[in-house]
Amino acid sequence: MTVFKQRVFSGVQPSGNLTLGNYLGAIKNWVGLQDTYETIFCVVDLHAITTWQDPDILRNATREVAAGMIASGVDPKKSIIFNQSQVSAHAELAWIFNCVARMGWLNRMTQFKEKAGKNRERASVGLYVYPDLMAADILAYQATHVPVGADQKQHLELTRDIAQKFNSDYKVDFFPEVEPLIFGEATRVMSLRDGNAKMSKSDPSENSRINLTDDRDLIAKKIRKARTDSEPLPATMDDLDGRAEAKNLINIFAALSDRKAGEVCAEYEGKGFADFKRDLADLSVEVLGPITEEMSRLMSEKTYLDDILRDGVHKADELSQPILRQIHDIVGFLRP
Ligand code: TYM
C-alpha cells in the first residue's frame, strides 16, 4: 500500500458573494488545519463558468473570494491560495476523469438535478461533468483530506469512486482514498427565511443569507429579521425537532462562538427569540465585523491579492505537474 503525504485541498466558487454558509461550513474550518497539514485552497473559476458569469464580475469575485479566505485567517505563508483556471493540471486531469467516470454515476448527482432544474436539456455540459473536475482538483495533488460543508459529501464520494476505478483499471495504487472533513456545529447552514432550504449565494432573497460583504448594521438587521416561531426555546436540541429555523439559528450561534449547540440551547431554555436574536446579532457582528472589514480593505489592494494568487499558481503548478506526468505514463500518453 502506498503511503500518501497528508495533504488538504478545498475550493470555493467565485460565483457571487461569499456567505455565512461558506464561512462556517468550510473556510473557518480551513484555518485550523494549516498548522497540521500541507494546505491548498483554490478559487474554482472553472467551476463558476458552468453557469453564466459576466467576465468583469468573475474577475472581481475571484479576488473577493481570495480576500475572504485571507480575511478569515487563511495565511498565504502557510497555505497555497490560487485560482483554478491558471493551473492547467485541473482541466487536463478533468478530461481524463470524464473518461473514467460513468454516465450513471453523474446521473445520480443531486446538485446537478437541483441546479439544472426542470430544464436539463438547456444545462451546460460543464454543469453535468462538474464533479469530474472537482475530483481532478483534489487528485491532481493526490490530496488526502477535503474540508467542506455537508452539501459536498456526494461529490466526494464520487471522487473516491473515480480514484478507485482509475486505480483498478490501470492496476496501480496511484490515487489516495480521499477523506471528507465535515465538522463543526454548522455543516449545513440554512436560509434565514426558510429553515428547510440551504443558505445559498444564488437565493434571490438577500435577507435569506449573510454575505461576507455585508456591513455590521446589515448583519444585525438580517439576524433580527430572521424567521423564527413563537415558542420559547427548549432545554435540548432534540426538543427542537420540526423547528428548522430555530435549530439553524442555534447552530449558527454555536459555530460562531465555538461552543456546542446543546450547550447554547440549554443556556436559553425558556427564553423567547427576542433575547436570543439580540445576542446572536451582537455575536455575529463581533465575529464577522472584523472579517468583512478586512476583506473590504484587501479589495482595495489588488496588486497584493494578485501577487498572492500568482505565487499560489506557481506553487500549485510545481506540485501538480510531476503528478500529471506520472498520470500520462500510467494512461499511456507518449511523452516524446
Ligand atoms: P461552493 O462554492 O458552493 O461552497 C464552498 C464551500 O462552502 C460550503 N458551503 C456551505 N456549508 C455549510 N452551509 C452552507 N449553507 C454552505 N454553502 C456552501 C460548501 O460545502 C463548500 O465546502 N464544488 C464546491 C467547490 C469545489 C471544491 C473542489 C471543494 C470545487 N472543487 C474540490 C472541495 C474540493 C462548491 O461548489 O462549493
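Student: Help me out: how do you make sense of the site of the ligand in this one?
Tutor: Lining the immediate environment of the ligand, one finds 26 residues, of which Gln13, Tyr130, Asp137, Asp151 and Val189 sit closest. Contact distances for the ligand include 2.9 Å between an oxygen atom and a backbone N or O atom of Gly149. Its free accessible area being 700 Å², the ligand has 97% of it covered by the protein chains. Taking a 2 Å distance to the grid points as the criterion, the majority of the atoms of the ligand fall inside the largest pocket. If you list the elements that add at least two residues to the shell around the ligand, you get strand 1 (7-12), helix 1 (20-33) and helix 8 (130-139). Its residues placed into classes, the shell around the ligand shows 11 nonpolar, 10 polar and 5 charged.

Student: Please explain unusual backbone geometry as it appears in this structure.
Tutor: Residues other than glycine predominantly adopt negative phi, and peptide bonds predominantly adopt the trans conformation. With phi around 50°, Gln142 is a residue other than glycine that occupies positive phi space. By secondary structure assignment, the location of Gln142 is in the loop between helix 8 and strand 4 (145-147). A relative accessible area of 17% means that Gln142 is categorised as buried.

Student: Before we go on, may I ask you to explain the domain arrangement of the protein in this structure?
Tutor: Where the parts come together, the accessible area they lose is often given as the size of the interface. Domain boundaries assigned for the protein yield domain 1 (7-182 + 304-331) and domain 2 (206-297). Taken residue by residue, the interface counts 12 residues in domain 1 and 14 residues in domain 2. The contact between domain 1 and domain 2 buries some 1200 Å² in all, and 73% of this surface belongs to carbon and sulfur atoms. Counting the surface domain 1 buries against domain 2, the share from its top three residues, Leu20, Tyr23 and Ala71, is 39%. One can count 1 salt bridge joining domain 1 with domain 2. For Asp258, the salt bridge is made with Lys28, and the minimal N-O distance between the two is 2.6 Å. Those elements that provide at least two residues to the side of domain 1 that touches domain 2 are helix 1 and helix 3 (55-71). A breakdown of the residues in the side of domain 1 that touches domain 2 according to their chemical character gives 6 nonpolar, 4 polar and 2 charged.

Student: How do you make sense of empty space enclosed by the protein when you look at a structure like this?
Tutor: The rolling of a water-molecule-sized probe over the atoms marks out the regions of remaining empty space. Under the criterion given, the structure shown has 1 cavity of 30 Å³ or more. Of the pockets and cavities examined, the largest cavity occupies roughly 50 Å³. What lines the largest cavity is Met109, Gln111, Phe112, Lys115, Leu127, Tyr130, Pro131 and His155. Listing elements by their share of the lining of the largest cavity, those giving two or more residues are helix 6 (110-116) and helix 8.

Student: What am I meant to see in the environment of Ile250 here?
Tutor: Tracing the backbone through its elements, the reader meets Ile250 in helix 11 (residues 244-257). Residue Ile250 is classed as buried on the basis of its relative accessible area, which comes to 0%. As for Ile250 and Cys265, which are separated by 15 residues in sequence, their C-alpha atoms are 6.7 Å apart. If near-sequence neighbours (up to four positions away) are discounted, Ile250 is found in contact with Leu233, Met237, Leu240, Ala261, Val264, Cys265 and Phe276.

Student: How do you make sense of the packing of helix 11 against helix 13 (residues 273-299) when you look at a structure like this?
Tutor: Each pair of packed helices can be summarised by the angle the axes make with each other and by the distance between the axes. Relative to each other, helix 11 and helix 13 sit at 40°, their axes nearing to 10 Å. When the interaxial angle is binned, helix 11 and helix 13 end up oblique. Judged by the sense of rotation from one axis to the other, the crossing of helix 11 with helix 13 is left-handed. Contacts from Ala246, Leu249, Ile250, Ile252, Phe253, Leu256 and Ser257 of helix 11 reach helix 13 at Phe273, Phe276, Lys277, Asp279, Leu280, Leu283, Ser284, Val287 and Leu288. Considered class by class, the residues forming the contact of helix 11 with helix 13 number 12 nonpolar, 2 polar and 2 charged.

Student: Even after reading the chapter, I still don't get the nonpolar core, so can you show me in this structure?
Tutor: Nonpolar side chains in soluble globular proteins generally cluster together in the buried interior. Leu20, Leu24, Met69, Ile250, Ile252, Phe276 and Leu280 are the most contacted members of the largest nonpolar core, which has 61 residues in total. For this core, the leading source of residues is helix 13, giving 11 residues. Two domains each provide a minimum of three residues to this core, namely domain 1 (7-182 + 304-331) and domain 2 (206-297). When sequence neighbours within four positions are dropped, the list of residues in contact with Leu280 reads Ile223, Leu249, Ile252, Phe253 and Leu256. Counting 46 residues, the second-largest nonpolar core is a separate cluster that includes Cys42, Phe82, Phe112 and Ala140.

Student: Got a minute to help me understand a positive patch on the surface in this structure?
Tutor: Side chains of Arg193, Lys221, Arg224 and Lys225 sit close together on the surface and give a patch of like positive charge. With respect to the helices, strands and loops of the structure, Arg224 is situated in helix 10 (residues 216-225).

Student: Any chance you could explain the packing of aromatic side chains here in plain terms?
Tutor: The full count for this structure, using the stated rule, is 13 aromatic pairs. Measuring from ring centre to ring centre gives 4.3 Å for Trp30 and Phe41, while their planes differ by 0°; the resulting arrangement is stacked. Taken as a pair, Trp30 in helix 1 and Phe41 in strand 2 (residues 38-43) lie far apart in primary sequence, 11 residues in all. Neither Trp30 nor Phe41 differs from the other in exposure class; each is buried. One aromatic cluster in this structure is built from Phe97, Phe166, Tyr170, Phe174 and Phe175.

Rules and cut-offs
- Residues numbered from 1 in each chain as written.
- Predicted model: local features only at pLDDT ≥ 70, side-chain atom pairs only at ≥ 80, totals over all residues.
- Heavy atoms only, no water.
- Near = heavy atom within 4 Å.
- Polar contact = N/O pair within 3.5 Å; in protein donor to acceptor, adjacent residues only side chain to side chain.
- Areas by Shrake-Rupley, 256 points an atom, 1.4 Å probe, with all protein chains shown as cover.
- 1 Å grid on protein atoms, 1.4 Å probe; cavity = no way out; pocket = protein on both sides within 12 Å on 5 of 7 lines; lining within 4 Å.
- Sits in = over half its atoms within 2 Å of the grid points.
- Helix = DSSP H or I, 4+ residues; strand = E, 2+ residues; numbered from the N terminus.
- Nonpolar A, V, L, I, M, F, W, Y, C, P; charged D, E, K, R; others polar.
- Buried < 20%, exposed > 50% of the residue type's maximum accessible area, 1.4 Å probe, protein only.
- Domains from an automatic or database assignment.
- Contact = heavy atoms within 4.5 Å.
- Buried area = accessible area lost by both parts, 1.4 Å probe.
- Salt bridge = Lys/Arg side-chain N within 4 Å of Asp/Glu carboxyl O.
- Points joined across faces, edges and corners; volume = space filled by probe spheres on them.
- Axes fitted to C-alpha atoms, helices over the stretch in contact; angles between N-to-C directions.
- Parallel < 35°, antiparallel > 145°, perpendicular 65-115°, else oblique.
- Left-handed = near helix turned anticlockwise from the far one by under 90°.
- Core = buried A, V, L, I, M, F, W, Y, C linked by side-chain atoms within 4.5 Å.
- Patch = residues over 30% accessible without salt bridge, like charges linked within 9 Å, V, L, I, M, F, W, Y side chains within 5 Å.
- Lys, Arg positive; Asp, Glu negative; His and termini not counted.
- Charge placed at Lys NZ, Arg CZ, Asp CG, Glu CD.
- Phe/Tyr/Trp six-rings, centres within 6.5 Å; stacked < 30°, edge-to-face > 60°.

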